[in-house]
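Structure assessment
Listed below are the residues making up each chain.
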Amino acid sequence: MTKYHKPEAKVVQELKDLAHKLRIDSINATNASNSGHPTTCASIAEIMSVLFFHVMRYDLKNPRDPSHDRLILSKGHAAPVLYAAWAEAGLFPTSDLLKLRKVDSDLEGHPTPRLNFVDVATGSLGQGLSVACGMSYVGKYYDKASYRTYCIIGDGESAEGSIWEALNFASYYNLDNLCAIFDINRLGQSEPALLQHNMDAYRKRIESFGFHTIVVDGHDIEELCKAFFEASTTKGKPTAIVAKTFKGKFFPEIEDLVDWHGKPLGDKAESVIRYLQGLIRNPNPTTLKRASPEAPFPPALPAASVKLSTPPAYKKGEKVATRLAYGTALAKVAASNERIIGLDGDTKNSTFSDKIKKSFPERYIECFIAEQNLVGVAIGAACRDRTIPFVSTFATFFSRAFDQIRMGAISQTNVNFVGSHCGVSIGEDGPSQMALEDLAMFRAIPGSTVFYPSDAVSTERAVELAANTKGVCFIRTSRPNTAILYDNDEQFAVGQAKVLRSSNDDKLLIVGAGVTLHEALDAAAELRAKHNINARVIDPFTVKPLDAQLIITNAEQCGGKIITVEDHYPEGGLGEAVLSAVAEYANISVKKLAVNDVPRSGPPNVLLDMFGISAKNIVKNAVNWV
C-alpha cells in the first residue's frame, strides 16, 4: 500500500498563500460585479487550493479531456472561487475575473458549460453529487479508468433529499473513485444550517450510508492533504471529507456572521484584502506542481450515428404496446453502439428497459426508486461524451425530477427520457400513476425534442432518432397494446408529421397521438360510414418541434377546422402546441379534446370515454361542429 508522505513545510505554506489569493480574487470579482457570494468562496478556499495545486490531475490545454479528473461544484454560488482557481492555474488571466456576471462574459453567477472547464450547470442546490455519481459509475464500470471525481457540497444543500439519494447510490455501487467534500461552514442563506457545526452528526449520518468518512478542519492544509490521500487509497467504498469551515474565513468582522450571504464586501473589501495580503508569505509560488494526468485513456468512443441493429419487424394490424417497442429498440441501438446505456428507477419490467439489461447487463444502471438521483446520474454519465443515456420510468414520476431535467438543459446535456404509463389509458392504477402533465413539462424545457409515437414502428424509429438528437429528448410511450399503423420501412424524421387518412372532400382535420390517434382513426371511419363526413387524420410524431406547416396546409384544405384529441390535461399538451402553430391564421379554428378533470380508476376504454377523448366523443364533437 502506498504510504502517505506529509508535504514539505514550503508546499504547505504556498498552498495557504494560494488559498488567500483565491479569497482576494473572489472579493475583487464580486465587488466588480456588485453581486455574488465571496463569503461562501472563503469557506472552501483551502479545499480549492489543495485540489487544484496538489491533488487533481488535469490539463489546461483540454480541461474536459476524458482521462482527467472531474470536479463538480454542487454549491454553485461559490463560482467565483472556482473561476479564480482556474485562473490562478493559468487557464486564463486573473484580470478576466473582473468580468464576473457581466452579460458579455461566460463567467456567470453560477457555473455553466459555456465554460470549457465546467461539465454541468450547478446552482440549483442538491444536484451535484448525483451528477458526480454518474461520472464515477462510468469511470469505474465502463471506462475502467483511473480518473477520480470530486464533488463539493454545501451544508445547507445537504438538507436536500437528492443528496441522500446520491449517497445511497454511491455506496451501493462501491464508487471508490468518488470523493464527496462537505463544506460545513455552519451558515445557510438566512439563518444557521440544520446541524450547524455538529460534525459528529454529519459523520454518523454519512457513515450510515456506507461512506468512508473523514472529518477535518477545512482550513488546515495538512489535514486536507492527508484526507485526500486517504480518499485516493480507500478501496471498495466512496469517501466523504467532512470539512469544518467558517463562512467568510479570514474576513475580519465578517467571518461566521449570518447576514453576509450573497453580498459583495463593498467598502470593507479594501481592508479585508489588505489583511489577507498580510497573511501571504510568498505571492509567487515556485515549488507547487499540479499532478499530471496519465496518458490519454480511456480512448474516444465511436461517434458514428446510432442505428437500430435490425429494422422494425411487425405486421400491420397486430397490436403491440409502444412501451414494449421501446425496450426492443433500446436493445437494438445498444447492439449497434457501445455508448448506449439504459437507466431505470425499479420500473424496468414495466417500461421494458429490462431488455437492455438482458442483452447487455453491463450497460444497464438500476437507480431504484429515487428519480431525482436517476436523472442526475444520467446527466453525469453523458458528460464528456462517454455515453448516450436512455432514462426510463413512469412518465408521471419525472415530474418530481423536473428541476434536475431543467438543469440538464442548462448543462447542454444529451439525455433521452422515456416515460411510459401516460394518461388515463393506463386504466385501473388510477390518477397517481397517470402522466397527464408530462408533455407540458418536457415542451417547456429549452431545446428539447418531444416524441409521441403511436405504434411500435414509429417508437423504434423515435428511439433511433433520439439517440442522434442533441439536447434533452422525451419519448412518451403508452401502456395499452395498439395496432401497427406503419410499414416497417416507413421513414421518420424529427418535426415531420404523417397524414394517415385523407380524401379530396375532407371537412375536418383530426390530430391525435398515441392512443388517441387510434381513437381518431376509428372516429374518422365512423364519421364517413354513419354521418357522410370525411375527416383527415394526422399523426404529429413529434409534439416539439411540431410540423406546423403540414398542419396548417391540411387544416386549410379541410375548411379550417381542427379537432385535437390527447390523453393529457389541456394545458401545455398537443392541443396547445397546435393552437400555437395556427394562432395567426384567422381562417383556422381549433377544438381541443383533453382530460379536463382529475381522473379515477377504471377500465381504459371506459376512462377514455368518461373523460371525453374516445372515438365516440370525437364523433359527437365533429357532428355538432361540421
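Reading the values: rules and limits
Residues numbered from 1 in each chain as written. Predicted model: local features only at pLDDT ≥ 70, side-chain atom pairs only at ≥ 80, totals over all residues. Heavy atoms only, no water. Core = buried A, V, L, I, M, F, W, Y, C linked by side-chain atoms within 4.5 Å. Buried < 20%, exposed > 50% of the residue type's maximum accessible area, 1.4 Å probe, protein only. Contact = heavy atoms within 4.5 Å. Axes fitted to C-alpha atoms, helices over the stretch in contact; angles between N-to-C directions. Helix = DSSP H or I, 4+ residues; strand = E, 2+ residues; numbered from the N terminus. Parallel < 35°, antiparallel > 145°, perpendicular 65-115°, else oblique. Left-handed = near helix turned anticlockwise from the far one by under 90°. Nonpolar A, V, L, I, M, F, W, Y, C, P; charged D, E, K, R; others polar. Pairing = 2+ DSSP bridges. Polar contact = N/O pair within 3.5 Å; in protein donor to acceptor, adjacent residues only side chain to side chain.

Moving on: the nonpolar core. In terms of nonpolar packing, the biggest core is built from 81 residues, with Phe-182 and Phe-417 touching the most fellow members. If sequence neighbours within four positions are ignored, Phe-417 has contacts with Val-375, Val-391, Phe-398, Ile-405, Phe-442, Val-472, Cys-473, Phe-474 and Ile-475. In this structure, Ala-334, Val-424, Ala-467 and Ala-615 belong to the second largest nonpolar core, which totals 60 residues.

Put simply, helix 5 (residues 128-142) and helix 6 (residues 161-172) touch, their axes get as near as 8 Å, and they point 20 degrees apart. When the interaxial angle is binned, helix 5 and helix 6 end up roughly parallel. Crossing of helix 5 over helix 6 shows left-handed handedness. Across the interface between the two elements, Leu-129, Ser-130, Cys-133 and Tyr-137 from helix 5 touch Ser-162, Ile-163, Ala-166, Leu-167, Phe-169 and Ala-170 from helix 6. Partitioning the contact of helix 5 with helix 6 into residue classes produces 8 nonpolar, 2 polar and no charged.

Let's shift gears to the sheet that holds strand 7 (residues 340-344). Strand order across the open sheet formed by 7 strands is 8-7-9-10-12-11-17, with mixed pairing between neighbours. Each edge of the open sheet is held by one strand with a lone partner, namely strand 8 (364-366) and strand 17 (542-544). Taken pair by pair, the neighbouring strands of this sheet meet at an average axis angle of 20 degrees, ignoring direction. Examined bridge by bridge, strand 11 (residues 449-451) and strand 12 (residues 473-476) share 3 bridges and lie parallel to one another. Across the sheet, Phe-451 pairs through a bridge with Ile-475, a residue of strand 12.

The next point concerns the side chain of Asn-534. Position of Asn-534 relative to the elements: it lies in strand 16 (residues 534-539). On the basis of relative accessible area, Asn-534 is assigned to the buried category, the value being 15%. A distance of 3.0 Å separates the side chain of Asn-534 from the side chain of Arg-528, its partner in a polar contact. If we ignore the near neighbours within four places in the chain, the residues touching Asn-534 are Ser-503, Asp-505, Asp-506, Lys-507, Leu-508 and Arg-528.

Coordinates in, geometry out; function isn't part of it.
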